[in-house]
Structure formats: C-alpha cells, structure tokens
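# Architecture and fold: a report
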Amino acid sequence: MGYVSARGGLDAIRAAERLVRRLRLTSESSWLEEDQILEKLRLLVDRVMGEAGLWAPRLAAKALRQSEGDATEAVHLLRAYRSTLPRFAYSESADADDVKVERRIVPAFQRVPGNQLLGRSVDYTARFLERQSDDMAREEAEKLRSEASGTPGDEGGEAHDNTDTTQRSPQRLLEMLREMDLVVDRRRADDPEPFDITRTPARPPAARSALLSSMTRADTGALVNQWYRNILGPDGYLHEVTLGEVRHGALDVVVRHPVTGLPVCVTSVRVTEVEAIEDLEGVDEDRTKFDVGYGLCFGHNERKAIAMANLDIACHRDAGRTQLEQSLLLTTDALDSAGFLEHLKLPHYVTFRSMIERKFAMRKARNRDAS
Amino acid sequence: MRSRPERLVELGEQCLTNQALRESLIVTQPPACGTLMLQVREPVRRERFYLGEILVTRCEVRIGADRGWAMIDGDEPRAALAAAICDVVSRTTAAEHEPLRLAIDSLCRETNEHLAAQEQREWNQIADTRVKFEEFE
C-alpha cells in the first residue's frame, strides 16, 4: 500500500449539492414564508442573529430556511455573508439604561422601581405538549383573532396608560444597591475604546470589552455549559448567585448624520439584558458588599444573557487564576467549534495513511526486538 | 429614516416628479448594503463594548451644494435612495420645493405617530402581565 496522489469527487460533490437543493425546494409541503419563520420561530431567529453577531432578521430567516433549521449552519451562512459587507459606521454609544422593556423581572427584589413585568414568557407555565390537530389550532387562532379585533390595541387587551416612562425604562436594581452602598463600585473614570473581536482575535488576558463581545456572540449552548461547569462542575466554584435584572426590550440605534452632525435614530434592536449579583466572600474581597456581572445579547435569549452575566463576574473574580477566561474567549464561538469539528469529515486519507504506516513500523520494530 | 420603506419610496418618487430637482440630483454614493457596529455602554463599569453589527443600506446624494444622506435598517436600496433624496430636499431653500418639504414633514409626523401607536399597542398587550403582589399579614 503506497501513497497515491489522487483527485476526484467533484461530480459527487455537485450531485450532493443538487440533491440538497432539489429536495429542499421541491418538498411536498407548502412554501415556508420568511414571515412565518420570523413570527413563529422568532426565538430561533434571535439566537441565530446573536451567534452570527449580525442583526438582520430577514437574512436570518432566509439562512434558517436554507440550512433546513440547522442553527449553526445558519450562523455560518450569516457570518459568511457579513464578511462580504463593508462596515459603514459605528453607532453612538447606546446606554443600556435606555432599553424600553417588553419584559422585566427582578428575582432578587420584590419591591423595585417600575414593575415586575412578565411579558411574553412561559417561565411559569406547565409544560404540556399541545397535541390538538392543525384544524383545531387554526380554529382557535381564528377565534382569538376575532376576539382581539376592535379592542383598543387591536391586538387584544385593554388600552393602558403608556405615558409613564418609568414603566418602560425603570430604574435598575444596581442603582438601588448603589444607593444602599451595597455594591462594589467598579465604574471607570476613563473611557477606553472597545476591543473589536471581529478584527482582532481576543486572547487572554483580554480587555473586558473583548470578553463581553465574545460572550454576546458565543454559542448559547456553549455559554450555558461554561456557566454550569463553572458553578457546579470540576472547576470547583460554588457561587451564591442571585439575578438582579432580567430584561427584554428595544434599544434605539443612533448614528451621527455626516452632514448635519445631529444624532439620527436608524432603527431599534431587541436585546436581552441581565445583571447577576454575586455575594463576595473571598479573603481579599469586601465581604460587606456585592459585586455585579453583566450580560447583554441580541434578541430574546435569556439563557444566554444569564450565563453571560454570571460568567462576567466569575471571570472578574477569577482574575486569571484558572483557565476560565481562555475557555470563554477560545472555545465558545459556534463557528470556531463547529468548523473545527466538521472539518473532521473531510478526507484525511494522507494523514491517516501516515498513521497506519507508523503502526506497521512500530509493530515491525517490536517483532524485531522480540526475536 | 424609520419611516416604512414603501412610504419613503412613494415620497422619493414624488420628489423626482419635479423636473428641475430630478435634473440637478447627483447620486454621489449609490445605495449599498453594509453594516453598522452597535456599541453599548454597560452599567457595571460604565464601559463601552461592541454588541454586534446591524445590516443597513446607506446612500448619499447631492443637489447643488446641498448633500443628502440616509441610512436605513435592512437591505432596502430603493428606500435608502428615497430617504437620501428627502433628506437633501428638506435642506434646500428653493421656494418651488416647499410642497415637497411639507410632504416630508408630514411623513416625519406620520412616522412618529406610527411608532407611538406601535408602542401603545405593544404596551396594551403586555400591561396585564404586571405582577400585583398580595402581602400576608
């Protein structure tokens, strides 16, 4: 068995591509509209945009349809497309305090400024699989639509006073804790430029802005796993974690008009934001106070934002003692990890051939030694 | 910039019915898709970080010495061109453009009303999910 260089497979590759495309486009069921994906699979669309690091709902819907529901493949498609686009500008710095909430809960405190606003959530709902037929579900949808039409919001529910801005942008718990002098003050006096992970790979020790950017576009599952490992796993940490704010809402995106110099709101994006309160108990820490970690990501993805906030404070307290920061920066990106994993499916004929030859050589040497 | 794309295109086309305006209009940067990096100031350390990019369409036009610019959410080349035309027209001083400037003002008001109505609708849907605690003695 000698080494033989070879080429081929191009026809098979093209046939495989055609097969995927044909079966996707010609399946018996009706055409899957972008609007259906956007409305009925909204959380998946949000997740893909977050992990791609690109807010583009329609493109994310197209990517999900093309990838036949494979979220990581959809992220790959979006990132590949993004890499062809020029970057026109950087937004004005958006203040997280300006998020207009559609949902806001404060698990740490009952009485908080503003409301505990559950919003669109199944957190408190028993998980029963709805097994009614499609016809019954359609009937129910029609009934709900007719009940909603003609009501003040035209979408159901009564008209409520929307003029109190504190309801939509309530004071955050962190401010309350600061007023009570219960939180370590880590506010910076300077204003460093953020680290751009899309231009330069972040390596430890990295600026916190690099860590936050890495986590905000990390794979959701990877980040949850890092958090779980960190809190219960072999890393040996047991944090006393309480969530401060969990918010989902809209954040305005503002740029400077290049002619007038005035701020212009281009659009608004939905984000999920979390504050994680950490009980400080280390010997070198102020044990009379708490510290806070922060998570923010595109779309509605509470699991990710919660993991991010907890890992932000865990990383700060770890201060480079373990490999936590390295793990977060280098192993949580969906495209990095899936890309490396999937490359294993490509032909490794030559490398494996060399491994076989080494085995034969070792066996030959062992037999020679034995005789 | 946040008007509905179809309304922007409508108004842009209305602007272009003015022959003098159409002839003096120069598209200095045709509509093109790109990204806008969103930076956020977080509350813990009050430091900025990049949250991610947003798909936008940008366009620039000129009428004489006046420049018009637009950046629109998503892949909307026609709306971006229309918005840039509206932007430059809103800054011209020619009397003959007055009806167009009024139409642009009207679209801005309409957009603000639309966004406010959308926000009200959203609040109507979620307001009932506010938690009212009962405290036990």
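Residues numbered from 1 in each chain as written. Chains lettered and ligands numbered in written order. Predicted model: local features only at pLDDT ≥ 70, side-chain atom pairs only at ≥ 80, totals over all residues. Heavy atoms only, no water.

If you tally the helices and strands in chain A, you get 14 helices and 7 strands. Oriented by its inertia axes, the alpha-carbon framework of chain A measures out at about 90 × 65 × 55 Å. Evaluated residue by residue, chain A yields a buried proportion of 39% over its 371 residues. Carbon and sulfur atoms make up 54% of the accessible area of chain A, which amounts to about 21800 Å² in all. Across chain A, 53 positive and 61 negative side-chain charges occur, with their mean positions spaced 9 Å apart. (Helix = DSSP H or I, 4+ residues; strand = E, 2+ residues; numbered from the N terminus. Buried < 20%, exposed > 50% of the residue type's maximum accessible area, 1.4 Å probe, protein only. Areas by Shrake-Rupley, 256 points an atom, 1.4 Å probe, with all protein chains shown as cover. Lys, Arg positive; Asp, Glu negative; His and termini not counted. Charge placed at Lys NZ, Arg CZ, Asp CG, Glu CD.)

Going from A:Pro204 to A:Pro205, the amide bond is cis rather than trans, its omega being -5 degrees. For B:Arg46, which is not glycine, the phi dihedral falls at a positive 55 degrees. Here B:Arg46 shows up in the loop between strand E1 (25–41) and strand E2 (48–63). Owing to a relative accessible area of 24%, B:Arg46 belongs among the partly exposed residues under this scheme.

Moving on to the pattern of salt bridges. According to the stated counting rule, one finds 49 salt bridges over all chains in the structure shown. The salt bridge partner of A:Asp135 is A:Arg138, with a shortest N-O separation of 3.8 Å. Pair noted here: A:Asp135 and A:Arg138 are both in helix H6 (residues 134–148), with a separation of 3 residues, about one helical turn. Overall, A:Arg138 belongs to the exposed group, its relative accessible area being 54%. Here B:Glu110 ties to B:Arg7 by a salt bridge, and the two come within 2.7 Å at their closest N and O atoms. With B:Glu110 in helix H4 (residues 98–126) and B:Arg7 in helix H1 (residues 5–16), the pair connects residues that are 103 residues apart, well separated along the chain. Judged by its relative accessible area of 23%, B:Glu110 is partly exposed. (Salt bridge = Lys/Arg side-chain N within 4 Å of Asp/Glu carboxyl O.)

A separate point is the domain arrangement of chain A. Residue and element names in this part refer to chain A. Split by domain assignment, chain A resolves into domain 1 (10–82), domain 2 (96–126 + 165–332) and domain 3 (340–370). Taking only C-alpha atoms, the centre of domain 1 and the centre of domain 2 are 29 Å apart. Facing the 13 residues of domain 1 at the interface are 16 residues of domain 2. Taking both sides of the interface into account, the surface hidden between domain 1 and domain 2 amounts to around 1200 Å²; carbon and sulfur atoms contribute 46%. (Domains from an automatic or database assignment. Contact = heavy atoms within 4.5 Å. Buried area = accessible area lost by both parts, 1.4 Å probe.)

Residue and element names in this part refer to chain A. Here we have 4 strands laid out as an open sheet, ordered E4-E5-E6-E7, and antiparallel in their pairing. With partners counted over all chains shown, the strands left at the sheet margins are strand E4 (100–105) and strand E7 (290–298), one partner each. Neighbour to neighbour, the strand axes of the sheet diverge by 20 degrees on average, direction disregarded. Summarising the sheet, strand E6 (residues 263–279) and E7 pair through 9 bridges and their orientation is antiparallel. (Pairing = 2+ DSSP bridges. Axes fitted to C-alpha atoms, helices over the stretch in contact; angles between N-to-C directions.)

Residue and element names in this part refer to chain A. Where helix H10 (residues 220–232) contacts helix H12 (residues 324–331), the axes come no closer than 11 Å and their chain directions differ by 165 degrees. Comparing their axes, H12 and H10 come out roughly antiparallel. In this structure, H10 meets H12 at a crossing whose hand is right-handed. Residue-level inspection shows Leu-223, Gln-226 and Asn-230 of H10 in contact with H12, the latter providing Leu-324, Ser-327, Leu-328 and Thr-331. When grouped by side-chain class, the residues that make up the contact of H10 with H12 number 3 nonpolar, 4 polar and no charged. (Parallel < 35°, antiparallel > 145°, perpendicular 65-115°, else oblique. Left-handed = near helix turned anticlockwise from the far one by under 90°. Nonpolar A, V, L, I, M, F, W, Y, C, P; charged D, E, K, R; others polar.)

The next point concerns the interface of chain A and chain B. Counting from both sides, the interface comprises 84 residues of chain A and, opposite them, 50 residues of chain B. The contact between chain A and chain B buries some 6400 Å² in all, and 58% of this surface belongs to carbon and sulfur atoms. Linking chain A with chain B are 12 salt bridges. Its salt-bridge partner being A:Arg168, residue B:Glu122 comes within 2.4 Å of it at the nearest N-O pair. Viewed at the interface, chain B and chain A are joined by 35 residue pairs in polar contact (both at pLDDT 80 or more). If you tally residues by element for the side of chain A that touches chain B, the top one is E6(A), at 9 residues. In terms of residue class, the side of chain A that touches chain B is made up of 37 nonpolar, 22 polar and 25 charged. Taken together, the 3 bridges between strand E2 (residues 87–90) of chain A and E1(B) define a ladder with parallel strand orientation. Across the sheet, residue A:Arg87 finds its bridge partner in E1(B), namely B:Thr35. (Polar contact = N/O pair within 3.5 Å; in protein donor to acceptor, adjacent residues only side chain to side chain.)

It is worth spelling out the side chain of A:Thr332 at this point. Residues and elements named next belong to chain A. Inspection of the secondary structure puts Thr-332 in the loop between H12 and helix H13 (334–343). For Thr-332, a relative accessible area of 2% gives the class buried. Of note is the side chain of Thr-332, whose polar atom sits 2.7 Å from the backbone oxygen of Leu-328. Ignoring sequence-local partners within four residues, the contact set of Thr-332 consists of Ala-218, Asp-219, Ala-222, Leu-223, Gln-226 and Ser-327.

Moving on to the nonpolar core. Considering soluble globular proteins, one finds that nonpolar side chains tend to be buried as a cluster. Judged by nonpolar contacts, the single largest core of 69 residues is most densely connected at A:Val269, B:Leu38 and B:Val40. Both domains that furnish three or more residues to this core are identified here as domain 1 (10–82) and domain 2 (96–126 + 165–332) of chain A. Here B:Leu38 is in contact with A:Ser91, A:Ala94, A:Val253, A:Val269, A:Phe298, B:Phe49, B:Tyr50, B:Leu51, B:Gly52 and B:Ile54, once residues within four sequence places are set aside. Core analysis: the next-biggest nonpolar cluster, separate from the first, contains 24 residues, B:Val9, B:Leu11, B:Ile63 and B:Ala103 among them. (Core = buried A, V, L, I, M, F, W, Y, C linked by side-chain atoms within 4.5 Å.)

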